[in-house]
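Descriptive structure summary
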Amino acid sequence: MKKILLFNMNIFKQNQLRTMCNKLGIEVVSISKNLYNQKLGFLADISGFKKEPKTYTGAELPSEMLVFSGLNSDDIDTFLAEFKKAGIAPVNLKAVITMYNISWTPKSLYDELLKEHLSMK
């Protein structure tokens, strides 16, 4: 299943993405802060991942993040082209769920992406 997970994104931008992704056959899932203790695999509804018992009570992520699940490189290229064409404000932190990060929490992924983003500036 093609899916995009959204973190700390305002409702206006979420709705823009839902409209665009609906045409592309991509499900959009907005992840609420109380689920930030869960593994990305669980949040993307990937089999083999169970819900962690503890609820996240920490701070919201400092900025928005977008995570692709089940999309191949052509799908992502199409998404990015349509995203740009739709004039949606950029999301600096984007990632694809991989075998390497599938067991990470959103906070772990966010911290890693932020490090990479800042090192590229």
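This text goes with the structure placed above it.
Described below are features of the structure shown in this document. (Residues numbered from 1 in each chain as written. Predicted model: local features only at pLDDT ≥ 70, side-chain atom pairs only at ≥ 80, totals over all residues. Heavy atoms only, no water.)

Let us look at the pairing of strand β2 (residues 27–31). Pairing geometry for strand β1 (residues 3–7) and β2, over five bridges, is parallel. Its bridge partner lying in β2, Phe-7 is registered against Ile-31. Once you follow β1 into helix α1 (residues 11–24) and on to β2, the crossover reads as right-handed. (Pairing = 2+ DSSP bridges. Helix = DSSP H or I, 4+ residues; strand = E, 2+ residues; numbered from the N terminus. Right-handed = clockwise from strand over helix to strand, strands pointing away.)

Checked against the element boundaries, Tyr-56 lands in the loop between α2 (40–43) and β3 (65–69). Residue Tyr-56 is classed as buried on the basis of its relative accessible area, which comes to 13%. Separated by 21 residues in the primary sequence, Tyr-56 and Leu-35 have C-alpha atoms spaced 6.0 Å apart. Excluding residues that lie within four positions of it along the chain, Tyr-56 makes contacts with Lys-33, Asn-34, Tyr-36, Asn-37 and Lys-107. At 2.6 Å, the side chain of Tyr-56 forms a polar contact with the backbone oxygen of Ala-59. (Buried < 20%, exposed > 50% of the residue type's maximum accessible area, 1.4 Å probe, protein only. Contact = heavy atoms within 4.5 Å. Polar contact = N/O pair within 3.5 Å; in protein donor to acceptor, adjacent residues only side chain to side chain.)

An order of β2-β1-β3-β4 is seen for the four strands of this open sheet, with the pairing classed as mixed. The open sheet terminates on both sides in strands that have one partner only, identified here as β2 and β4 (93–96). For this sheet, the mean inter-axis angle between neighbouring strands, taken without regard to orientation, is 20°. Strands in contact with helix α4 (residues 106–120) are β1, β3 and β4; relative to β4, the strand with the most contacts, it is inclined by about 115°. (Axes fitted to C-alpha atoms, helices over the stretch in contact; angles between N-to-C directions.)

It is worth spelling out the packing of aromatic side chains at this point. Tallied over the full model, the rule gives five aromatic pairs. Geometrically, the ring pair formed by Tyr-36 and Tyr-56 is tilted, given 5.4 Å between the ring centres and 50° between the ring planes. Here Tyr-56 lies in the loop between α2 and β3 and Tyr-36 lies in the loop between β2 and α2, a separation of 20 residues in the sequence. Side by side, Tyr-36 and Tyr-56 carry an identical accessibility label, which is buried. Through a chain of ring-to-ring contacts, the aromatic side chains of Phe-7, Tyr-36 and Tyr-56 assemble into a single cluster. (Phe/Tyr/Trp six-rings, centres within 6.5 Å; stacked < 30°, edge-to-face > 60°.)

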